[in-house]
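Structural description and commentary
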Amino acid sequence: AQSVTQPDIHITVSEGASLELRCNYSYGATPYLFWYVQSPGQGLQLLLKYFSGDTLVQGIKGFEAEFKRSQSSFNLRKPSVHWSDAAEYFCAVGPGFGGSGSARQLTFGSGTQLTVLP
Amino acid sequence: EAGVVQSPRYKIIEKKQPVAFWCNPISGHNTLYWYRQNLGQGPELLIRYENEEAVDDSQLPKDRFSAERLKGVDSTLKIQPAELGDSAVYLCASSLGGGSGGNEQFFGPGTRLTVL
């Protein structure tokens, strides 16, 4: 069964500082990996996704993530955080190419709440 | 392009009452998902539709939950009767197709249910 672990429940950074949110996954084959952001009262918005190819993925809002197969990780990074980045961030894993048709759902981590200090 | 629409946005009911949530997916998206998101947790899939067919409902508590997607467009999720533990945000998402796990899912704003 697939699973996602986000070890940090809450992270606080100062505006302008760099950010790294951790994500570890468990999956038996090549996964599709996603990062979503959720602002209060809003649905989830996709930041970026990894399917194959270059292991460093660029997303919206200046975010990037790096897939490391050897570490089963897909950490999200941003070089300089803005106050508007304060939100909850979810990592998710889905079946990769050739995955069974019955498992086409995303499995989400429990999220990391980001607070940005002025 | 309109996103995924959900209504109502908020619902407060007493336990044992019925409740229904409505979702209209993005036009042309044949795959529709219902998720439940408990406080402090990530979303968990309840049911997935491919057009009007429910192809994955293994996580749907069938004793009290039901869903339908007539005509393969909008969908309704119902709880009857509601229990205190059903308090959560119910999210609807849609995607172009289930052909591969990589199709992006677009999420609606959710319905926040409070059961008293």
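The paragraphs below set out a description of the structure included in this document.

Cut-off values and rules
Residues numbered from 1 in each chain as written. Chains lettered and ligands numbered in written order. Predicted model: local features only at pLDDT ≥ 70, side-chain atom pairs only at ≥ 80, totals over all residues. Heavy atoms only, no water. 1 Å grid on protein atoms, 1.4 Å probe; cavity = no way out; pocket = protein on both sides within 12 Å on 5 of 7 lines; lining within 4 Å. Points joined across faces, edges and corners; volume = space filled by probe spheres on them. Helix = DSSP H or I, 4+ residues; strand = E, 2+ residues; numbered from the N terminus. Nonpolar A, V, L, I, M, F, W, Y, C, P; charged D, E, K, R; others polar. Buried < 20%, exposed > 50% of the residue type's maximum accessible area, 1.4 Å probe, protein only. Contact = heavy atoms within 4.5 Å. Salt bridge = Lys/Arg side-chain N within 4 Å of Asp/Glu carboxyl O. Disulfide = S-S within 2.5 Å. Buried area = accessible area lost by both parts, 1.4 Å probe. Pairing = 2+ DSSP bridges. Axes fitted to C-alpha atoms, helices over the stretch in contact; angles between N-to-C directions.

**Looking at the layout of surface pockets**
Its volume calculated, the largest pocket comes out at about 410 Å³. Lining the largest pocket are 23 residues; nearest its centre among them are Gln38(A), Gln37(B), Leu39(B), Val89(B) and Arg112(B). Of all the secondary-structure elements, those providing two or more residues to the lining of the largest pocket are β10 (87–95) of chain A together with β9 (88–95) and β11 (111–115) of chain B. Split by residue class, the lining of the largest pocket holds eight nonpolar, 12 polar and three charged.

**As for the environment of Arg112(B)**
Residues and elements named next belong to chain B. In this structure, Arg112 sits in strand β11. Its relative accessible area of 41% is what places Arg112 among the partly exposed residues. Through-space distance from the C-alpha of Arg112 to that of Glu68 is 20 Å; in sequence the pair is 44 residues apart. Residues in contact with Arg112, not counting those within four places in the same chain, are Arg9, Tyr10, Lys11, Ala88 and Val89.

**Points about the pattern of salt bridges**
Residues and elements named next belong to chain A. Inspection of every chain in the model, using the stated rule, returns nine salt bridges over all chains. Here Asp8 ties to Arg22 by a salt bridge, and the two come within 2.9 Å at their closest N and O atoms. Separated by 14 residues along the polypeptide, Asp8 in the loop between β1 (3–5) and β2 (10–14) and Arg22 in the loop between β3 (19–21) and β4 (24–26) bring together distant segments of the chain. Of the charged contacts, one joins Arg77 and Glu66 as a salt bridge, the two residues approaching to 3.2 Å between their closest N and O atoms. In this pair, Arg77 sits in strand β9 (residues 73–78) while Glu66 sits in strand β8 (residues 64–68), placing the two residues 11 residues apart along the sequence. For Arg77, a relative accessible area of 24% puts it in the partly exposed group. On the basis of relative accessibility, which here comes to 22%, the residue Glu66 falls in the partly exposed class. Salt bridges sharing common partners tie together Glu64, Glu66 and Arg77.

**Structural notes on the state of the cysteines**
In the structure shown here, the tally under the stated rule is two disulfides over all chains. Residue Cys23(A) pairs covalently with Cys91(A) via a disulfide, S to S 2.0 Å. Disulfide Cys23(A) to Cys91(A): torsion about the S-S bond roughly -65 degrees, handedness left-handed. Of this pair, Cys23(A) sits in the loop between β3 and β4 while Cys91(A) sits in strand β10, placing them 68 residues apart in sequence. For the pair formed by Cys23(A) and Cys91(A), the shared burial category is buried. The partner cysteine of Cys23(B) in its disulfide is Cys92(B), sulfur to sulfur 1.9 Å. Judged by the torsion about the S-S bond (-70 degrees), the Cys23(B)/Cys92(B) disulfide is left-handed. Taken together, the residues Cys23(B) in strand β3 (residues 19–24) and Cys92(B) in strand β9 connect sequence positions 69 residues apart. Summarising the burial analysis for this pair, Cys23(B) and Cys92(B) share the class buried.

**Concerning the interface of chain B and chain A**
Listed as interface residues are 22 residues of chain B and, on the opposing side, 21 residues of chain A. For the chain B and chain A pair, buried surface summed over both sides reaches about 1700 Å², with 51% attributable to carbon and sulfur atoms. Put simply, chain B and chain A have one salt bridge between them. Notably, a salt bridge pairs Glu104(B) with Lys49(A), separated by 3.9 Å at the nearest N-O pair.

**With respect to the sheet that holds β3(B)**
All names here are of chain B. A sheet is described by the order of its strands in space; here four strands give the open sequence β1-β3-β8-β7, paired in antiparallel fashion. Of all the strands in the sheet, the pair left with one neighbour each is β1 (5–7) and β7 (65–68). Pairs of neighbouring strands in the sheet enclose a mean axial angle of 15 degrees, with direction left out of account.

**Re unusual backbone geometry**
Between Ser7(B) and the following residue, Pro8(B), the backbone shows a cis peptide bond with an omega angle of -10 degrees. Within the secondary structure, Pro8(B) is located in the loop between β1 and β2 (10–13). Residue Pro81(B) is bonded to the preceding Gln80(B) through a cis peptide linkage, with omega at -5 degrees. By the secondary structure assignment, Pro81(B) is in the loop between β8 (75–79) and β9. Phi angles above zero are rare outside glycine, and Ser72(A) is one such case at about 50 degrees. If you check the backbone angles, Lys16(B) has positive phi at about 80 degrees while not being a glycine.

Function cannot be inferred from these measures alone, as they are strictly geometric.
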